[in-house]
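For reference, the chains in residue letters:
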Amino acid sequence: MFTNPEEAGAVRSVNGLSEEEKNAIHSFLQGAVYCWCNNNRNKWFSMRDFMGGANFYWEGTPLIALYEMYKDETAAGQAAGRLLKFVINKDKRNFETKKEELIRKYKWIGDEI
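Just so it is clear, the model here is predicted, and its values are computed rather than measured.

Colleague: Would you mind going over a negative patch on the surface in detail, with residue names and values included?
Modeller: Where like charges cluster on the molecular surface, the negative patch consists of Glu20, Glu21, Glu59 and Glu68. Topologically, Glu20 is positioned in helix H2 (residues 19-39). Glu20 sits in the exposed class, given a relative accessible area of 67%.

Colleague: Residue-level account of H2, with values.
Modeller: End to end, H2 covers 30 Å across 21 residues, agreeing with the expected 30 Å (1.5 Å per residue, within 8%). Three or more residues of H2 are buried, namely Lys22, Ile25, His26, Leu29, Ala32, Val33, Trp36 and Cys37. Projected down its long axis, H2 shows its buried positions confined to an angular sector of 130°, all on one face. Turned more than 90 degrees off the buried face of H2, the exposed positions are Glu20, Ser27, Asn38 and Asn39.

Colleague: Describe the confidence of the model for the protein chain, and please don't skip the residues or the numbers.
Modeller: Where the model shows low pLDDT, its predicted coordinates should not be examined in detail. Across the protein chain, the average pLDDT comes to 92, with 98% of residues at or above 70. Looking over the protein chain, one finds the lowest element-wise mean pLDDT in helix H1 (residues 5-8), namely 83, and the highest in H2, namely 96.

Colleague: Break down the pairing of strand E1 (residues 95-100) for me, citing the residues and quoting the values.
Modeller: Relative to strand E2 (residues 103-108), E1 is paired through 6 bridges, and the arrangement is antiparallel. Note on E2: the bridge partner recorded for Thr97 is Tyr106.

Colleague: Provide a residue-level description of the nonpolar core, including the pertinent values.
Modeller: Counting residues in each nonpolar core, the largest one holds 29 residues, and the members touching the most others are Phe50, Leu63 and Leu66. Breaking this core down by element, the ones donating at least two residues are H2, helix H3 (47-51), helix H4 (64-70), helix H5 (73-90) and E2. A total of 7 residues in this core trace back to one element, the largest contributor, which is H5. Contacts of Phe50, omitting those with residues within four sequence positions, involve Ala32, Val33, Trp36, Phe45, Asn55 and Leu84.

Colleague: Describe the side chain of His26, naming the residues involved and giving the relevant values.
Modeller: With respect to the helices and strands, His26 occurs in helix H2. Owing to a relative accessible area of 17%, His26 belongs among the buried residues under this scheme. Setting aside residues up to four positions removed in sequence, His26 forms contacts with Leu83, Phe86 and Val87.

Colleague: If you had to explain the environment of Ser46 to someone new, which residues and values would you point to?
Modeller: Residue position: Ser46 is located in the loop between H2 and H3. You can call Ser46 buried: its relative accessible area is 4%. Separated by 57 residues in sequence, Ser46 and Ile103 place their C-alpha atoms 7.1 Å apart.

Conventions used here
Residues numbered from 1 in each chain as written. Predicted model: local features only at pLDDT ≥ 70, side-chain atom pairs only at ≥ 80, totals over all residues. Heavy atoms only, no water. Patch = residues over 30% accessible without salt bridge, like charges linked within 9 Å, V, L, I, M, F, W, Y side chains within 5 Å. Areas by Shrake-Rupley, 256 points an atom, 1.4 Å probe, with all protein chains shown as cover. Salt bridge = Lys/Arg side-chain N within 4 Å of Asp/Glu carboxyl O. Lys, Arg positive; Asp, Glu negative; His and termini not counted. Charge placed at Lys NZ, Arg CZ, Asp CG, Glu CD. Helix = DSSP H or I, 4+ residues; strand = E, 2+ residues; numbered from the N terminus. Buried < 20%, exposed > 50% of the residue type's maximum accessible area, 1.4 Å probe, protein only. Expected span 1.5 Å × (residues − 1). Arc of directions from axis to C-beta. pLDDT = per-residue confidence, 0-100. Pairing = 2+ DSSP bridges. Core = buried A, V, L, I, M, F, W, Y, C linked by side-chain atoms within 4.5 Å. Contact = heavy atoms within 4.5 Å.

If you want it as structure tokens, here you go:
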């Protein structure tokens, strides 16, 4: 959940995916968030850290459904970002969020432990 929901803004859905596809993507992203928080405590992250740059190859991940649906890297990346925001909003841990240019970033604040 967000510690600063006014900064987070609305959590929007992604249309066109089956519930099975959404659930698979949510689980995949939740795992990525847990891994990031375990290995990068107090560091900001975005969807690009999980599936951008050197990790651009979505084949073999549930996120490929987004690319196949949009047929456009930018649109698929934006949709993936919306799904990441949904996952973080539902997480039991507390996260800060901020927007830098066009990128939404998150940071686990770790106050639950």
